[in-house]
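Understanding the architecture of this molecule
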Amino acid sequence: MRERLGSGPRIVRALFAAILALGVPIAIALPTDLNGKVYASGAVVLIAAAAAILAAALVRRRKEPAEDPSGTGRWSLELLRRLEWRRFEELCAAYYEVAEGADKPPSVVQCKPSSVYTVGIKPVRELRAAMAAAGVPQGVLLACGTFTSEAKEFSRGESIRLIDGGELLRKIGALAPEQGQALLKLATAGDFSTPTCPACGIKMTARTSSTEGRKFWGCLNYPRCKRTFFGASNAPA
Ligand SMILES: [Zn+2]
């Protein structure tokens, strides 16, 4: 890291020295009286300093995004949405493990995958049915996107908490830094964006439909397994 940043300050120092080396002799040679020489030299030093500060700012701005080109170095909504559905579920489970431990009140926790940006009422109804079947009064529905107002309205009448992507990030951010880092490591280990086949539990593969040329995820066990994912936010590149 230090080596990569090393070239920036070197360029800035070289620019500062070059302006001084060129400017000061001219500033001394051109004015005829001593006061003029002093003022002109001072002006050259100020110009060199201003140029160096500007260059340092430009170098820093160019470096910053390059330090985390994969976007996996810190938590963001973008990253959350790149997680395939199974990894998102694992993250949610791990979060609850860390945040609430063994004494959490019993509740049914379900997650909506990254392919769904706006979660409607259907998964909330399904969660309520799962709560009734399990005889558990509380439910939590997590999504990396947001919920429709209909879903929010419905959940208000039930003991269901809706947690969207932004709130999940705030919750992770409220953990101890090393806990947040551990969750980040779990979320981004290996191939975290290629979806897992819900039927076979193996990573899917990018395919192109022969009729429309659309890209989609298909199962490696095709034709035995015909599961696909179409039009997801993390469609194959
Ligand atoms: Zn499959």
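The shown structure was predicted, so the numbers you read here are calculated from the model rather than taken from an experiment. (Residues numbered from 1 in each chain as written. Predicted model: local features only at pLDDT ≥ 70, side-chain atom pairs only at ≥ 80, totals over all residues.)

A few words on the sheet that holds strand β3 (residues 138-143). Spatial strand order, β1-β3-β5: three strands in an open sheet with parallel pairing. The open sheet has two edge strands, β1 (107-112) and β5 (160-163), and neither has a second partner. Adjacent strand axes in the sheet meet at a mean angle of 15°, parallel and antiparallel pairs treated alike. With six bridges connecting them, β1 and β3 associate as parallel partners. Along β3, the bridge assignment pairs C111 with L142. Packing against the sheet, helix α5 (residues 121-134) makes contact with β1, β3 and β5, and its axis sits at approximately 150° to β1. (Pairing = 2+ DSSP bridges. Helix = DSSP H or I, 4+ residues; strand = E, 2+ residues; numbered from the N terminus. Axes fitted to C-alpha atoms, helices over the stretch in contact; angles between N-to-C directions. Contact = placed C-beta atoms within 7 Å.)

The omega torsion of the bond from Y222 to P223 falls at 5°, within 30 degrees of zero and hence cis. Along the chain, P223 falls in the loop between β7 (215-218) and β8 (228-230).

Bringing the environment of A189 into the picture now. Here A189 is to be found in the loop between α8 (177-188) and β6 (205-208). Residues A189 and R87, spaced 102 residues apart in sequence, show a C-alpha to C-alpha distance of 9.5 Å.

Further remarks concern the confidence of the model for the chain. For the chain, mean pLDDT is 84; residues scoring 70 or higher make up 88% of the total. By mean pLDDT, the top-scoring element of the chain is α8 (96), and the lowest-scoring one is helix α1 (residues 2-29) (71). (pLDDT = per-residue confidence, 0-100.)

Moving on, we get to the nonpolar core. Grouped together as the largest cluster of nonpolar side chains are 23 residues, with contacts concentrated most on F88, L91, C92, L141, L142 and A143. Elements supplying a minimum of two residues to this core: α3 (77-82), α4 (85-100), α5, β3, β5 and α8. Ranked by residue count, the leading element in this core is α4, at five residues. When sequence neighbours within four positions are dropped, the list of residues in contact with C92 reads V109, C111 and L142. (Core = buried A, V, L, I, M, F, W, Y, C linked by C-beta atoms within 7 Å. Buried ≥ 20, exposed ≤ 12 C-beta atoms within 10 Å, placed from the backbone.)

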